[in-house]
Amino acid sequence: MIAQFVRSSKLFHASRLSRAGQSCYSTTPSKPSLQHVAQLRKLTEVSISKAREALSQTNNDIQQALEWVKNDLAASGIKKAANVQSRETREGLVSVCMLSGGSRGKTSLGGGGIRAAMIELNCETDFVGRNVLFGQLAADIAHTAAFITEPTDSSTIIRSCSLDVLNDAPLLSRDNPSSHSPSTVSSSIRDLIAKVGEKVSLKRAVTVVQNPLSGQSRNLGLRLASYLHGSVGSAPHGRIGSLAVLALQSPELARRLESETFVKDLERLERALARQITGFDTRSIKSSDGDETVLYNQPFMMLGGESANKPVRMAIENWSKQQGLVRDDEEGGIEVLEFAKWSVGDIVG
């Protein structure tokens, strides 16, 4: 009986020790704090429930939670992308990034490099198209396209950008260019699909990259102009966008570009030209007939004042004379060389 009692007592104490050990060394994570949830959401833009799940799975370790979110977004993004692949994307944004606008001041006499890009990012609904994350991704993709493109010998200045190359490129932040993201453009699109639950697709991209015109006349310079219709505040995207390349030619160009007053007047004219291209049914630059889809034939309503009733061609000739770029018997002034104009949902042949 004593032996049986001792054995029973040992089993009882062993059971108590075992339960005590489980209590002391439990791996069950504590409930994520609101501070941790807020911190993780700020870093990842995931939902509250997803942030809580990530912290619970990683025992409230922020760095491990970030890795968990990254892996989860990749897995869910691939799955959702496959599920929505057949859906149509007719909404979205046109985004423009201008890294270098061209000739200005003493540092760019005889030229001045230009570097810019325009992209169209599509989604299924206008609701997602107005989402902050969607707009930020569109701006970052345009910034990436402008940054990674190299100058090439081509008969045109505005050139199509390979979507395969762009999708494989590391995504560069427009707001924080010095940051290094491990995500590519395509993986960032998949991550956004996982967050918004809609198909998101990169439809098209063009770039403008031209080094300063070294070896050519000091009297010649290039400038860029752009306008986005439907943008809010200083957002670099809208429903309709235009990007134009302008040329300036004058013996007085170097001196005039040193004047802040001249540069401000020039920027006003550039914006008006870009608005004209965007706001009118503009399809080409020059034509000998009176076709009003031709930019130079249109009344320059976007510049206003006396120019509103004059054709664009006449208005920019007068502007060039008033600014002292050309004299009556000389060639030169300002000229629109090329432009691209897109509207969200355009049918691309």
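Structure: see above.
Calculation criteria
- Residues numbered from 1 in each chain as written.
- Predicted model: local features only at pLDDT ≥ 70, side-chain atom pairs only at ≥ 80, totals over all residues.
- Heavy atoms only, no water.
- Phe/Tyr/Trp six-rings, centres within 6.5 Å; stacked < 30°, edge-to-face > 60°.
- Helix = DSSP H or I, 4+ residues; strand = E, 2+ residues; numbered from the N terminus.
- Buried < 20%, exposed > 50% of the residue type's maximum accessible area, 1.4 Å probe, protein only.
- Polar contact = N/O pair within 3.5 Å; in protein donor to acceptor, adjacent residues only side chain to side chain.
- Contact = heavy atoms within 4.5 Å.
- Axes fitted to C-alpha atoms, helices over the stretch in contact; angles between N-to-C directions.
- Parallel < 35°, antiparallel > 145°, perpendicular 65-115°, else oblique.
- Nonpolar A, V, L, I, M, F, W, Y, C, P; charged D, E, K, R; others polar.
- Salt bridge = Lys/Arg side-chain N within 4 Å of Asp/Glu carboxyl O.

Evaluated as defined, the whole model comprises one aromatic pair. Where F262 meets W319, the ring centres are 5.8 Å apart and the plane angle is 40 degrees; that geometry is what we call tilted. With F262 in helix α10 (residues 260–279) and W319 in helix α11 (residues 312–322), this pair connects stretches of sequence that are 57 residues apart. Using a relative accessible area of 9% as the deciding quantity, one classes W319 as buried.

Moving on, we get to the side chain of S320. Relative to the elements of secondary structure, S320 occurs in helix α11. A distance of 3.2 Å separates a polar atom in the side chain of S320 from the backbone nitrogen of I334. Apart from residues no more than four positions distant in its own chain, S320 is found in contact with L325, V326, G333 and I334.

The contact between α10 and α11 brings their axes to 12 Å, and the two run at 175 degrees. As the angle between them shows, α10 and α11 are arranged roughly antiparallel. Between α10 and α11, the residues in contact are F262, D265, L266, L269, L273 and Q276 and V312, I316 and W319, respectively. Partitioned by chemical class, the residues of the contact of α10 with α11 number seven nonpolar, one polar and one charged.

Take the pattern of salt bridges next. Applying the stated criterion to the full structure yields 13 salt bridges. For the salt bridge of R204 with E120, the shortest nitrogen-to-oxygen distance reads 2.7 Å. Of this pair, R204 sits in strand β4 (residues 201–210) while E120 is found in strand β2 (residues 114–123), placing the two residues 84 residues apart along the sequence. The pair R204 / E120 is uniform in exposure class, with both members buried. Here D175 ties to R174 by a salt bridge, and the two come within 3.1 Å at their closest N and O atoms. Looking at R174, the relative accessible area reads 33%, which means it is partly exposed. What you see here is one network of salt bridges that share partners, running through E120, K203, R204 and D346.

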